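Here are the chains, one letter per residue:
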Amino acid sequence: MKALVVQSLDKYSVEEVTLDPPQAGEVKIKMAATGVCHSDLSVINGTLPLPLPLVVGHEGAGVVEEVGPGVIGIEKGDHVVLSFVPVCGECFHCNQKEPQFCRVGAPNGRMLDGTARVKQDGNDLGVMQFLGCMAEYAVVPAISCVKIAKDIPLDKAALVGCGVMTGVGAAINTAGVTPGSTVAVYGCGGVGLSIIQGARLAGADRIIALDLADNKLEMARSFGATDVVNTSKDNGPMACKELTDGHGVDYAFEAVGIPQLMLETNASARRGGNVIIVGVGKLTDQVPFNALMLSMEGKRVMGSFYGDTNPQHDFPMLLSLYQRGKLNLDDMVTNTYSISEAPQAIEDMIKGVNARGVILY
Ligand code: CXF
Ligand code: ZN
């Protein structure tokens, strides 16, 4: 099969690889669609350090082709969205109702039993997040699969596996955006646009989108932003204050992963407001919050990982909203690519041309 393989830092190409059959607790998926996410790039450039070579891809949907021993509840022919975190339902975090932090395995490129299914010339290849789904097929843990209705288009469903869940979940699950509230979103890529949609679904009155690129701000408007600010021309926190009678917003989100933007996000929230950091920065970066103001301003500063999702509940819920026309996934897919064109899809993402680029098989 063809897969997008990262051979070494900043070096990636479409390769012919082989895939072993699913072992106990695993299933083989015939991929239908894979969204291209900045975290794939983070693996390529080493921001997310993983042993290489490795197959990227962690935002996908497809059809179950083969079921390994001991798998119950998933059958050949089922349609599934892949969760980039396998959920065991039994560990400390699963029991805390925090399945996004499930401890069943640390993503190190291998399967949950520590071995590999993808091979090239007899050598093991790693996979991203137990998935490696930027490939024609993927063998994945059954506990990474969320079954969905067969009438949902799989190219739209794929997006729920990462970007859409991360963004909508940050607004609804992490922040708990309330009706009538004011919201600012720094960064209008796939995740930022999904935060905007989440805030709109939650009934926010004012949604301010901030980005450097006019094409992203145009998209933001179409997904529900009421105001847009191009931060290459205007000061973000000042604009947020002007639009909220001088107070600052109730909920300010950062969806890029840059320390300076995290500080601007904090500065855009009102006293007593909420600051939600969604963007994943570099391990070596620090954010210097002012030691006096952190207490005095009484803001709730929080991180949001995977939209605080419970995949088995939230994926079907978001897809139901899609089917009823309340969540716009159609316009999120701004370009599609074949697996052979995956390097082009990565380059387009770097250029910022897409809301989401999607590989179709
Ligand atoms: C990431 C978070 C870090 C692990 C890989 C996935 N989230 C979204 O892309
Ligand atoms: Zn992602």
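Definitions and limits used
- Residues numbered from 1 in each chain as written.
- Chains lettered and ligands numbered in written order.
- Predicted model: local features only at pLDDT ≥ 70, side-chain atom pairs only at ≥ 80, totals over all residues.
- Heavy atoms only, no water.
- Donors = N, O, S within 2.8 Å, 3.2 Å for Na, K, Ca; no water.
- Helix = DSSP H or I, 4+ residues; strand = E, 2+ residues; numbered from the N terminus.
- Near = heavy atom within 4 Å.
- Polar contact = N/O pair within 3.5 Å; in protein donor to acceptor, adjacent residues only side chain to side chain.
- Areas by Shrake-Rupley, 256 points an atom, 1.4 Å probe, with all protein chains shown as cover.
- Patch = residues over 30% accessible without salt bridge, like charges linked within 9 Å, V, L, I, M, F, W, Y side chains within 5 Å.
- Salt bridge = Lys/Arg side-chain N within 4 Å of Asp/Glu carboxyl O.
- Pairing = 2+ DSSP bridges.
- Contact = heavy atoms within 4.5 Å.
- Axes fitted to C-alpha atoms, helices over the stretch in contact; angles between N-to-C directions.
- Buried < 20%, exposed > 50% of the residue type's maximum accessible area, 1.4 Å probe, protein only.

Help me understand the coordination of the zinc ion (ligand 2), please; the structure alone is not making it clear to me.
When four donors bind a metal tetrahedrally, each ideal donor-metal-donor angle is 109.5 degrees, and when six bind octahedrally, the ideal angles are 90 or 180 degrees. Within the protein, the zinc ion (ligand 2) binds to Cys 37 (SG), His 58 (NE2) and Cys 162 (SG); these donor distances fall in the range 2.0 to 2.2 Å. As a motif over one chain, the donors of the zinc ion (ligand 2) read C-x20-H-x103-C. Taken as a pair, Cys 37 in the loop between β4 (26-35) and α1 (38-44) and Cys 162 in the loop between α3 (154-160) and α4 (163-175) lie far apart in primary sequence, 125 residues in all.

Help me understand the site of ligand 1, please; the structure alone is not making it clear to me.
Around ligand 1 lies a shell formed by Cys 37, Ser 39, Leu 48, His 58, Phe 84, Gln 129, Cys 162 and Phe 305. A distance of 3.2 Å separates an oxygen atom of ligand 1 from a polar atom in the side chain of His 58. With the chains in place, 86% of the 270 Å² that ligand 1 exposes on its own is no longer accessible.

Looking at this model, I keep getting lost on a nonpolar patch on the surface. Mind explaining?
A cluster of nonpolar residues, Val 104, Leu 112 and Ile 143, forms a patch on the protein surface that exposes about 190 Å² of accessible area. Within the secondary structure, Leu 112 is located in the loop between α2 (92-95) and β8 (118-120).

How do you make sense of the sheet that holds strand β2 (residues 11-16) when you look at a structure like this?
With mixed pairing, the six strands of this open sheet are ordered in space as β2-β1-β5-β9-β8-β3. Strand pairing shows two members of the sheet lacking a second neighbour, β2 and β3 (18-19), which therefore form its edges. The pairing of β8 with strand β9 (residues 123-127) spans three bridges and is antiparallel. Each residue of the ladder has a partner; that of Lys 119, found in β9, is Asp 124. With respect to the sheet, helix α11 (residues 342-351) is in contact with β1 (2-8) and β2, its orientation differing from that of β2 by roughly 155 degrees.

Explain the environment of Phe 92 to me, please; I cannot follow it from the model alone.
Relative to the helices and strands, Phe 92 resides in helix α2. With a relative accessible area of 51%, Phe 92 lands in the exposed category. C-alpha of Phe 92 to C-alpha of Val 168: the two residues are 76 residues apart in sequence and 25 Å apart in space.

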